[in-house]
Amino acid sequence: MVRWAMAACSLSPVVRWAVSEVGYDDCNIMADTRDGRYVVKIFHTSRSPALCARYVDVVRRVTEAGVAHPRLHRADGSALLHHRPTGNRLMVMDRVEGTTFLDADACPVKEILVKAAKIREIPVTMFLDTSHVLSDGYSTVITVDKGRDSADIRLVNLISPGDVVVTQDYGVAAVSL
């Protein structure tokens, strides 16, 4: 099915693939070709065709709104593919390499961000000062001395183009841009 999806999207033949160890009900497959790295998301059969279409539509809408999301690949004009022999619905997207930096003392969505990063196998680095304790078993945690904006300053000094910064701190967000 992975080879079929790549061919349907006019992408190079698969040279290596592996099932991601994380994912909710869907199956996420990391596929490498000679020209790129991709994720093939095979929707669980319990998802109705309408729910699969809604998922793809939400990705399309947030991308159009300016949210950075891996590019979706199309087959026959649609990002939602239907593998008729098995009945599975799936989508193919670019695999993003990079690091997600998380301002851990100013982010109310730490848990969901880590779950999403695991699915895409994107590293997460969390920054906090010594007044906080955090360990989720996946992220790299950088703890800095307690002090005004010490975690924020360390975070913005380590980011580079292609990285994602998640924070609700307007100052960190502005400097990160």
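What counts, and at which threshold
- Residues numbered from 1 in each chain as written.
- Predicted model: local features only at pLDDT ≥ 70, side-chain atom pairs only at ≥ 80, totals over all residues.
- Heavy atoms only, no water.
- Helix = DSSP H or I, 4+ residues; strand = E, 2+ residues; numbered from the N terminus.
- Buried < 20%, exposed > 50% of the residue type's maximum accessible area, 1.4 Å probe, protein only.
- Contact = heavy atoms within 4.5 Å.
- Areas by Shrake-Rupley, 256 points an atom, 1.4 Å probe, with all protein chains shown as cover.
- Phe/Tyr/Trp six-rings, centres within 6.5 Å; stacked < 30°, edge-to-face > 60°.
- Salt bridge = Lys/Arg side-chain N within 4 Å of Asp/Glu carboxyl O.
- Pairing = 2+ DSSP bridges.
- Core = buried A, V, L, I, M, F, W, Y, C linked by side-chain atoms within 4.5 Å.

Asks: What is the right way to look at the overall build of the protein in this model?
Replies: From N to C terminus, the protein includes five helices and 10 strands. Within the span of the protein, comprising 177 residues, buried residues form 39% of the whole. In the protein, the share of contacts with a sequence separation of at least 24, taken over all contacts with a separation of at least 6, comes to 47%. Surface accessibility of the protein: about 10,300 Å² in total, with carbon and sulfur atoms responsible for 53%.

Asks: Would you mind going over the packing of aromatic side chains with me for this structure?
Replies: Pairs of aromatic rings are described using the distance from one ring centre to the other and the angle between the two planes. Under the criterion given, the structure shown has one aromatic pair. Centre to centre, the rings of phenylalanine 43 and tyrosine 55 are 5.2 Å apart; their planes meet at 75 degrees, and the pair counts as edge-to-face. With phenylalanine 43 in the loop between strand 3 (37-42) and helix 2 (49-64) and tyrosine 55 in helix 2, this pair connects stretches of sequence that are 12 residues apart.

Asks: Looking at this structure, I do not really get the pattern of salt bridges. What am I missing?
Replies: Pairing is possible between side chains that carry opposite charge, provided their charged atoms lie close to one another. What the rule picks out here adds up to seven salt bridges. Residue arginine 37 is joined to aspartate 32 by a salt bridge in which the shortest nitrogen-to-oxygen separation is 3.2 Å. Under the relative-accessibility criterion, arginine 37 is labelled partly exposed at 36%. Here the salt bridges share partners, and the residues they tie into one network are Arg16, Asp32 and Arg37.

Asks: Please clarify how the pairing of strand 8 (residues 124-129) should be interpreted in this entry.
Replies: Walk down a regular strand and you will see the side chains alternate between the two sheet faces. With six of six residues buried, strand 8 is to be regarded as a mostly interior element. The two faces of strand 8 match: Val124, Met126 and Leu128 on one face and Thr125, Phe127 and Asp129 on the other face are all buried. Sheet topology note: the strand 8/strand 9 (residues 140-144) ladder contains five bridges and is parallel. Among the inter-strand pairings, leucine 128 is bridged to a residue of strand 9, identified as threonine 143.

Asks: Explanation requested: the nonpolar core in the structure shown.
Replies: One finds Val2, Met6, Val40 and Val92 to be the most contacted residues of the largest nonpolar core, which totals 15 residues. Residue assignment for this core shows that the elements contributing at least two residues are helix 1 (2-8), strand 2 (27-33), strand 3 and strand 6 (88-94). Those residues within four positions of methionine 6 in sequence are excluded, and the remaining contacts are Leu11, Ser12, Val14, Ala31, Thr33, Tyr38, Val40 and Val92. Counting residues in hydrophobic clusters, the runner-up holds 10 residues, among them Met30, Val39, Met91 and Met93.

Asks: Would you mind showing me how to read the side chain of serine 139 here?
Replies: In this fold, serine 139 is placed in the loop between strand 8 and strand 9. Apart from the residues within four sequence positions on either side, serine 139 is in contact with Val114, Val124 and Met126.

Interpretation in functional terms is not warranted from these geometric data alone.
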